[in-house]
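# Architecture at a glance
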Amino acid sequence: MSGLKQLKSRMNTVQATMKITAAMKMISVSKLRQSHEALLKAYPFADEINRIVRRLVRSVTARQEELISSGSSQVLPMPSLLKGRSEEKRHLIVLITSDEGLCGQFNLSLINKFEQVIDALEKENKKISVLCFGYRGGEILKKKYPTLNIHIAARRVDKNMPLFLEAERLSTTLMDQFYRGTFDVCTVIYSEFETAANQKIKIEQLVPLQTFFHENKWQKLIDSSDPFYVKRDVLGQKQLKMQETRLFSAIGGRHIKSPLGAIDSDNLLKMSTRPAEAYDYDGGDIKILERILPYYMEFYIYKILLDTTASESASRMIAMENASKSASDMMTQLSKKYHRKRQELVTKDLTEVVAGSES
């Protein structure tokens, strides 16, 4: 009977675990719905602030091009968040992971991309420091890279605190360290939410800002380097073509990247109908650009955190669903084994009774 008791105990344990995983799946579904709604609400403001900054960049660029064409050697003082520094020796990598586990391959996928970035920077003899925004990923990195300068920060200090305040905390820290000269270039690695079943690891240069330019030195490490790569928007419906389009000229004659929001691919292919000098800026375009870039940085990081939160909830939902299915399959196998074992014992007892009666 000891074998039956052990099987019964194991079945009870698996059944209890299955209840926990099913409950965690339902919680993840609720969190995913909330994160997805917050992400959708952020897109209109993301589009608008992106257009404002883009127009200011165009205005400054157009004035610089006029000075060059007139033979002037004057160089307009572009904000350092856009211009960067002449030397790029010190690199800061910001890895956005989760504070908690049980989210499948979410953290491991991010760390795999992180390792590729580290290898590429070490080949260039860059001085590397790491900020892991999320305890779970930081613990893994500390074990893998004991000699690397890694600082770990909790992604959510207070669960009741709005996510935008967390984005403000991170953006303020990064800008303060940049102005202090702690690093020259900052690269962020995070998970972009596309659909509940599909999340994509993104590697983007955060400082100096490269949001408006199609050039991405890390594109070779991203899943697809095809310039005509087609993906779906956050609704999982509309298709966006991420290709280089002749929208506007930017710094150095490079093309400006599409806005952060979900916009129609047809609009990306249209030329601008307003020239760069169509707007008059009270106080000057450079001054306004310097004032608005910190706010843009905050919202840019806010969108990254929204993507990460939604991706984490989706990964945890899928992981708990798979765990529940595995527990269900295990229960089926244990139940069969239990009934088979019980039948063997009953048959054995009957055989002994019959043998005893015959004797």
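Read on for a plain summary of the structure. Please read all numbers here as calculations on a predicted model, not as lab measurements.

The subject of this paragraph is the pairing of strand β3 (residues 149–153). A regular strand places its side chains on the two faces of the sheet in alternate fashion. Where strand β2 (residues 127–133) meets β3, 5 bridges bridge the pair, whose relative direction is parallel. Paired with Phe133 across the two strands is Ala153, which belongs to β3. Following the chain from β2 across helix α4 (residues 135–144) to the adjacent parallel β3, one finds a crossover that is right-handed.

Within the largest apolar cluster, 51 residues are counted, with the highest numbers of intra-cluster contacts made by Ile96, Leu174, Leu206 and Leu289. Of all elements in the fold, only α1 (2–69), α2 (80–83), β1 (90–96), β2, α5 (163–180), β4 (185–195), β5 (198–207) and α7 (285–358) reach the threshold of two or more residues within this core. Element by element, the count of residues in this core is highest for α7, at 16 residues.

What follows covers the packing of aromatic side chains. Per the stated rule, a full pass over the model turns up 7 aromatic pairs. Considering the side-chain rings of Phe178 and Phe183, the 5.8 Å spacing of their centres and the 40° angle between planes classify their relative orientation as tilted. With relative accessibility at 1%, the residue Phe178 sits in the buried group. Exposure remark for Phe183: the relative accessible area of 1% places this residue in the buried category. Ring pairs connect the aromatic residues Phe45, Phe164, Phe299 and Tyr302, which therefore count as one cluster.

Let us look at the sheet that holds β1. As summarised here, the arrangement of the 5 strands in space is β3-β2-β1-β4-β5, forming an open sheet in which the pairing is mixed. The open sheet is flanked by β3 and β5, the only strands paired with a single partner. The mean inter-strand angle of the sheet, taken between neighbouring strand axes irrespective of direction, is 20°. Note: β1 against β4, 5 bridges, orientation parallel.

Looking at the second largest pocket, its volume works out to about 510 Å³. In terms of lining, the second largest pocket is formed by 16 residues, of which the most central are Lys31, Arg155, Arg156, Lys159 and Thr309. Secondary-structure elements contributing two or more residues to the lining of the second largest pocket are α1 and α7. Here the lining of the second largest pocket takes 6 residues from α7, the largest share from any one element. The class makeup of the residues in the lining of the second largest pocket is 4 nonpolar, 4 polar and 8 charged.

Of all 10 residues in β5, 8 are buried; the element is thus mostly enclosed. Where β4 meets β5, 9 bridges bridge the pair, whose relative direction is antiparallel. The residue bridging Ser191 from the neighbouring strand is Ile201, located in β5. Two successive antiparallel strands, β4 and β5, enclose a turn made up of 2 residues.

This part is about helix α3 (residues 106–123). Each α-helix winds once per 3.6 residues, and so residues spaced three or four apart point in a common direction. Its 18 residues give α3 an end-to-end C-alpha distance of 27 Å, which sits within 8% of 26 Å, the value for a rise of 1.5 Å per residue. Here α3 has its buried residues at Phe106, Asn107, Leu110, Ile111, Lys113, Phe114, Val117, Ile118, Ala120 and Leu121. Where α3 ends, the next residue or the one after it, Asn125, has phi of about 60°, a positive value.

Moving on: α4. Among the residues of α4, Gly137, Gly138 and Leu141 are the ones counted as buried. Seen end-on, α4 carries its buried residues on one side only, within an arc spanning 100°. Buried residues in α4 make contact with β1, α3, β2 and β3.

Moving on to the pattern of salt bridges. As enumerated under the stated definition, the model contains 12 salt bridges in all. One salt bridge connects Asp285 with Arg63, and the closest N-O pair in it is separated by 2.8 Å. With Asp285 in helix α7 and Arg63 in helix α1, the pair connects residues that are 222 residues apart, well separated along the chain. Under the relative-accessibility criterion, Asp285 is labelled buried at 5%. When the shortest N-O distance is used, the salt bridge between Asp307 and Lys303 registers 2.9 Å. Separated by 4 residues within a single helix, Asp307 and Lys303 lie in helix α7, roughly one turn from each other.

The next thing to look at is the environment of Ser315. With respect to the helices and strands, Ser315 occurs in helix α7. Since its relative accessible area comes to 12%, Ser315 is described here as buried. Separated by 118 residues in the primary sequence, Ser315 and Ala197 have C-alpha atoms spaced 7.9 Å apart. Every residue in contact with Ser315, bar those within four places of it in the chain, is listed here: Cys103, Phe106 and Gln199.

Looking now at the packing of α3 against α4. Packing of α3 against α4 leaves a shortest axis separation of 10 Å and a crossing angle of 45°. Regarding the angle of α3 to α4, the classification is oblique. Every pair of crossing elements has a handedness; the one defined by α3 and α4 is right-handed. Across from Asn107, Leu108, Ile111, Phe114 and Glu115 in α3, the residues of α4 making contact are Arg136, Gly137, Ile140, Leu141 and Lys144. Considering only residue class, the contact of α3 with α4 consists of 5 nonpolar, 2 polar and 3 charged.

Definitions and cut-offs
- Residues numbered from 1 in each chain as written.
- Predicted model: local features only at pLDDT ≥ 70, side-chain atom pairs only at ≥ 80, totals over all residues.
- Heavy atoms only, no water.
- Pairing = 2+ DSSP bridges.
- Helix = DSSP H or I, 4+ residues; strand = E, 2+ residues; numbered from the N terminus.
- Right-handed = clockwise from strand over helix to strand, strands pointing away.
- Core = buried A, V, L, I, M, F, W, Y, C linked by side-chain atoms within 4.5 Å.
- Buried < 20%, exposed > 50% of the residue type's maximum accessible area, 1.4 Å probe, protein only.
- Phe/Tyr/Trp six-rings, centres within 6.5 Å; stacked < 30°, edge-to-face > 60°.
- Axes fitted to C-alpha atoms, helices over the stretch in contact; angles between N-to-C directions.
- 1 Å grid on protein atoms, 1.4 Å probe; cavity = no way out; pocket = protein on both sides within 12 Å on 5 of 7 lines; lining within 4 Å.
- Points joined across faces, edges and corners; volume = space filled by probe spheres on them.
- Nonpolar A, V, L, I, M, F, W, Y, C, P; charged D, E, K, R; others polar.
- Expected span 1.5 Å × (residues − 1).
- Arc of directions from axis to C-beta.
- Contact = heavy atoms within 4.5 Å.
- Salt bridge = Lys/Arg side-chain N within 4 Å of Asp/Glu carboxyl O.
- Parallel < 35°, antiparallel > 145°, perpendicular 65-115°, else oblique.
- Left-handed = near helix turned anticlockwise from the far one by under 90°.

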